[in-house]
Amino acid sequence: MFLIEDDIKACIETLQKGGLILYPTDTVWGIGCDATNKEAISKIFALKNREDAKAMIVLIEAESAILEYVENPAPTIFDYIKGVHKPTTIIYNKAKNLPSNLLLSDGSVAIRICSDPFCKKLIKHFGKPIVSTSANISGYPTPLLFKDIPLEIIEGVDYVVKHRQEENELRQPSSIVKWDLNGALIIIRP
């Protein structure tokens, strides 16, 4: 019998070695790696045939981790997070403690506090944030179910999570928001 703990253990071993995982999130299936490992991040860009000028999302387990990866986040962001009821990625200015190839050219970073129990447990036990980018080749549609993920993505990662592969519930990518320099909310993806 397969246990979720087996997936968590295999993911952590893969992430610690700089490998890539294919895993379910609170939105769509994602390709992930250690968000603090520059070489692992480069492997994702290569797998997706994606230009490295495009940023990827970082998943964290708890709101408190924002302070470890963002320099002086505005207090209003924390109020906003408390009122959000769907997966929402926030672009923060002035990232810190993360590799440059994970950031946008202006030094900002996209972070989402993951609500999925599997992801929360994985991130907590790994002890670091995990990259999450949709499980598709750049330019192609985002697969909404595991069965729609291209074979070259499945074969291109080092570990494929077994949990939720049979799920048929369609999930959507997260909303994406940021604040401008005047403190106004900008909705990038509703």
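Structure: see above.
Quantities reported herein were computed from a predicted structural model and do not represent experimental measurements.

K.L.:
Tell me about the packing of helix H1 (residues 4-16) against helix H5 (residues 117-126), and name the residues and values.
P.N.:
Interaxial distance between H1 and H5 falls to 10 Å at its minimum, and their mutual angle equals 45°. On the basis of the axis angle, H1 is oblique to H5. Remark: the crossing between H1 and H5 carries right-handed chirality. Between H1 and H5, the contacting residues are Ile4, Glu5, Asp7, Ile8, Cys11, Ile12, Leu15 and Gln16 on the first element and Phe118, Lys121, Leu122, His125 and Phe126 on the second. Broken down by class, the residue content of the contact of H1 with H5 amounts to 8 nonpolar, 2 polar and 3 charged.

K.L.:
Please provide a residue-by-residue account of the layout of surface pockets, values included.
P.N.:
Remark: the empty space left among the atoms is shown by a probe the size of a water molecule rolled over them. Here the largest pocket is characterised by a volume of approximately 560 Å³. Lining of the largest pocket is provided by 28 residues; of these, Arg50, Ile57, Thr133, Ser134 and Arg189 occupy positions nearest its centre. At the level of elements, strand E5 (109-113), strand E6 (130-134) and strand E9 (185-189) are the ones that each hand at least two residues to the lining of the largest pocket. Considered class by class, the residues forming the lining of the largest pocket number 13 nonpolar, 10 polar and 5 charged.

K.L.:
I'd like a description of the packing of aromatic side chains, backed by residues and values.
P.N.:
One pass over the full model with this rule turns up 2 aromatic pairs. Geometrically, the ring pair formed by Trp29 and Phe146 is tilted, given 4.8 Å between the ring centres and 55° between the ring planes. Of the two residues, Trp29 sits in the loop between strand E1 (21-23) and strand E2 (30-32) while Phe146 sits in the loop between E6 and helix H6 (151-156), which places them 117 residues apart along the sequence. A residue is classified by how much of its surface remains accessible, and Trp29, at 4% relative accessible area, is buried. Judged by its relative accessible area of 13%, Phe146 falls in the buried class.

Definitions and cut-offs
Residues numbered from 1 in each chain as written. Predicted model: local features only at pLDDT ≥ 70, side-chain atom pairs only at ≥ 80, totals over all residues. Heavy atoms only, no water. Axes fitted to C-alpha atoms, helices over the stretch in contact; angles between N-to-C directions. Helix = DSSP H or I, 4+ residues; strand = E, 2+ residues; numbered from the N terminus. Parallel < 35°, antiparallel > 145°, perpendicular 65-115°, else oblique. Left-handed = near helix turned anticlockwise from the far one by under 90°. Contact = heavy atoms within 4.5 Å. Nonpolar A, V, L, I, M, F, W, Y, C, P; charged D, E, K, R; others polar. 1 Å grid on protein atoms, 1.4 Å probe; cavity = no way out; pocket = protein on both sides within 12 Å on 5 of 7 lines; lining within 4 Å. Points joined across faces, edges and corners; volume = space filled by probe spheres on them. Phe/Tyr/Trp six-rings, centres within 6.5 Å; stacked < 30°, edge-to-face > 60°. Buried < 20%, exposed > 50% of the residue type's maximum accessible area, 1.4 Å probe, protein only.

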